[in-house]
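Fold and geometry: a report
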Amino acid sequence: TPLATDDDVGDVADLRHAATSPVIVVDRPARGACGSLTSIAEKIGVAVVDIGGGFSFPTTHWADQSQSRAETLATADLVIVVEARDVAWALSEVETGTRNKALLCPASAKIVAVGCSALQDVQGVILDELVPTARYVTGDAAAFLDALDQRLTAGEPRSVAARRAVLETRHDANRARSLGIAQSMAAQSPIHPSHLASALHAAISDGPWLLANGVARGWPARLWDFGDNGVFLGRSGGEGLGYGMPASLGAAFAHRNCNRLVVNLQADGDLMYTASALWTAAHHQIPLLTVMHNNGTYGKDELHQHEMARLRERPDDVSHIGIRLDQPPVNFAKLAEAQGVEGIGPINDPSRLVSELNHAARVAREERRPILVDVR
């Protein structure tokens, strides 16, 4: 793995001294970098925005501004982007129909992109879209952050304290707002993803856990305590093409001899591609808690069809045809049982959710076997 030069590290450290509103945006986690990121944040009062490639920064830390990405970037004068799949995407709002990007940070902001994404390609297609004004530093991101942390001196105490006060207030308000939404949605039917995330967190938090797959519209990141490297493996980036179950099985297999409960927050359309993985879980008795985030559709595809209809000014009454998983709906509990995995549900009543998830978590953690809960 290539390493950034001392000059690169020194130049970024110098840029920091001239910045009054620095931001670090991190996508795919750099293994072992959480400690350096936390130290940098506390040393100079920098905001950290985690855009979800995996666990990179504690969700309970005051510097975490992931729920306020646009607001945070709007005032940034220095942005350090860590291991982004696409730097332009990481710093922009994307119009889903046209794929046009609007940069969220000021045009005058200094942008430094760190990592090895520029070296990666798939079938000759470069994943990363270059930002003309950015400086690209190719090298191991964790090593760069560690070197930067060692190079940085603590910022002027009054300035750091002022930045921290702003960030802390915003962070706490975001967490409180998300918790309030989850509480207000607890009785809603169909079950709201915020209530699903809240109830699931309560069911698994009596011991160590790992969310191997699933984002449920971002609610776990908003509500759960992501505190260390062993709690969230991240998302596939492919969105819905069968990643969730096999990835979760791999994680559960690796943890089968310890007490860490592995959780798969599974999208319904995604499971339709790799449903036979349930048989693998049963055959090898892999302890895995699978909770269906079942909205009855291939969601990304339906969203795309709606966008295309809007963009082309066509009627939107046929966008769902061939995409929604209804007429008949898939009974994922029976699908699991047919392959030897205990299935619960489908659960449509939000009042049943807590007790069923508590039971399923006990089965997976204590009886060390796979179980699936189908939540509509």
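What counts and how
- Residues numbered from 1 in each chain as written.
- Predicted model: local features only at pLDDT ≥ 70, side-chain atom pairs only at ≥ 80, totals over all residues.
- Heavy atoms only, no water.
- Helix = DSSP H or I, 4+ residues; strand = E, 2+ residues; numbered from the N terminus.
- Rg over C-alpha atoms; globule rule 2.2 N^0.38 Å.
- Buried < 20%, exposed > 50% of the residue type's maximum accessible area, 1.4 Å probe, protein only.
- Contact = heavy atoms within 4.5 Å.
- Areas by Shrake-Rupley, 256 points an atom, 1.4 Å probe, with all protein chains shown as cover.
- Lys, Arg positive; Asp, Glu negative; His and termini not counted.
- Charge placed at Lys NZ, Arg CZ, Asp CG, Glu CD.
- Pairing = 2+ DSSP bridges.
- Axes fitted to C-alpha atoms, helices over the stretch in contact; angles between N-to-C directions.
- Phe/Tyr/Trp six-rings, centres within 6.5 Å; stacked < 30°, edge-to-face > 60°.
- Salt bridge = Lys/Arg side-chain N within 4 Å of Asp/Glu carboxyl O.

1. What to know about the overall build of the chain
- Counting its secondary structure elements, the chain contains 14 helices and 14 strands.
- Radius of gyration (C-alpha) of the chain: 22 Å, near the 21 Å computed for a compact globule of 376 residues.
- Projected onto the principal axes, the alpha-carbon positions of the chain cover approximately 60 × 55 × 45 Å.
- Relative to its 376 residues, the chain shows a buried fraction of 50%.
- Within the chain, contacts between residues at least 6 apart in sequence are counted, and of these 74% link residues at least 24 apart.
- Accessible surface computed for the chain: about 17200 Å², of which carbon and sulfur atoms make up 52%.
- Looking at charge distribution, the chain has the averaged site of its 34 positive side-chain charges lying 2 Å from that of its 44 negative ones.

2. Some words on unusual backbone geometry
- With an omega of 0°, the peptide bond between Ser189 and Pro190 qualifies as cis.
- If you trace the backbone, Pro190 turns up in the loop between helix 6 (157–184) and helix 7 (193–204).
- For Arg217, which is not glycine, the phi torsion reads 60° and is therefore positive.
- Considering the arrangement of structural elements, one finds Arg217 in the loop between strand 10 (209–213) and helix 8 (219–223).
- Assessed through its relative accessible area of 55%, Arg217 is described here as exposed.
- For Gln285, which is not glycine, the phi dihedral falls at a positive 50°.

3. Description of the sheet that holds strand 12 (residues 289–293)
- Overall, parallel pairing links the five strands, which are arranged 10-11-12-14-13 in an open sheet. Either end of the sheet is taken by a strand with one partner, and the two such strands are strand 10 and strand 13 (342–347). Strand after strand, the sheet turns through a mean of 20° between neighbouring axes, direction not considered.
- Note that strand 12 and strand 14 (residues 371–375) share five bridges and pair parallel. Each bridged residue has a counterpart across the sheet, and for Met292 the counterpart in strand 14 is Asp374.
- Across the sheet, helix 9 (residues 244–254) touches strand 10, strand 11 (261–267) and strand 12, and the angle it forms with strand 11 is around 180°.
- Each of strand 11, strand 12, strand 13 and strand 14 is contacted by helix 14 (residues 350–366), which is oriented at about 165° to strand 13, the strand it contacts most.

4. Regarding the pairing of strand 10
- With five of its five residues buried, strand 10 lies for the most part within the structure.
- Pairing of strand 10 with strand 11 involves four bridges; the strand directions are parallel. The residue bridging Leu211 from the neighbouring strand is Val263, located in strand 11.

5. Here we look at the packing of aromatic side chains
- Tallied over the full model, the rule gives four aromatic pairs.
- Measuring from centroid to centroid gives 6.3 Å for Trp224 and Phe226, while their planes differ by 85°, and the two rings are edge-to-face.
- Take Trp224: its relative accessible area is 0%, and that puts it in the buried class.
- Judged by its relative accessible area of 4%, Phe226 falls in the buried class.
- One aromatic cluster is present, built from ring pairs that chain together Trp209, Trp224, Phe226 and Phe232.

6. Quick word on the sheet that holds strand 1 (residues 22–26)
- Spatially, 2-1-3-6-9 is the arrangement adopted by the five strands of the open sheet, whose pairing is parallel. The open sheet terminates on both sides in strands that have one partner only, identified here as strand 2 (47–50) and strand 9 (134–138). Direction aside, the axes of adjacent strands within the sheet are offset by 20° on average.
- Both strand 3 (residues 78–82) and strand 6 (residues 110–115) contribute to a ladder of five bridges, which runs parallel. The residue of strand 6 that forms the bridge with Ile80 is Val112.

7. Some remarks on the pairing of strand 12
- Taken across its five residues, strand 12 has five buried, putting it largely inside the fold.
- Of the two faces of strand 12, the one lined by Leu289, Val291 and His293 and the one lined by Thr290 and Met292 are each fully buried.
- Where strand 11 meets strand 12, five bridges bridge the pair, whose relative direction is parallel. Across the sheet, the residue bridging to Gln266 is Met292, located in strand 12.

8. Side note on the side chain of Asn174
- If you trace the backbone, Asn174 turns up in helix 6.
- The contacts of Asn174, once residues within four sequence positions are left out, are Gln67 and Ser68.

9. Points about the pattern of salt bridges
- Applying the stated rule across the entire model yields 11 salt bridges.
- Arg69 is the partner of Glu93 in a salt bridge, and the nearest nitrogen-oxygen pair spans 4.0 Å. Taken together, the residues span a long stretch of sequence, with Glu93 in strand 4 (residues 92–94) and Arg69 in helix 3 (residues 69–74) at a distance of 24 residues.
- Given a relative accessible area of 41%, Glu93 falls into the partly exposed group.
- Beyond isolated ion pairs, a larger network of salt bridges with shared partners links Glu342, Glu367 and Arg369.

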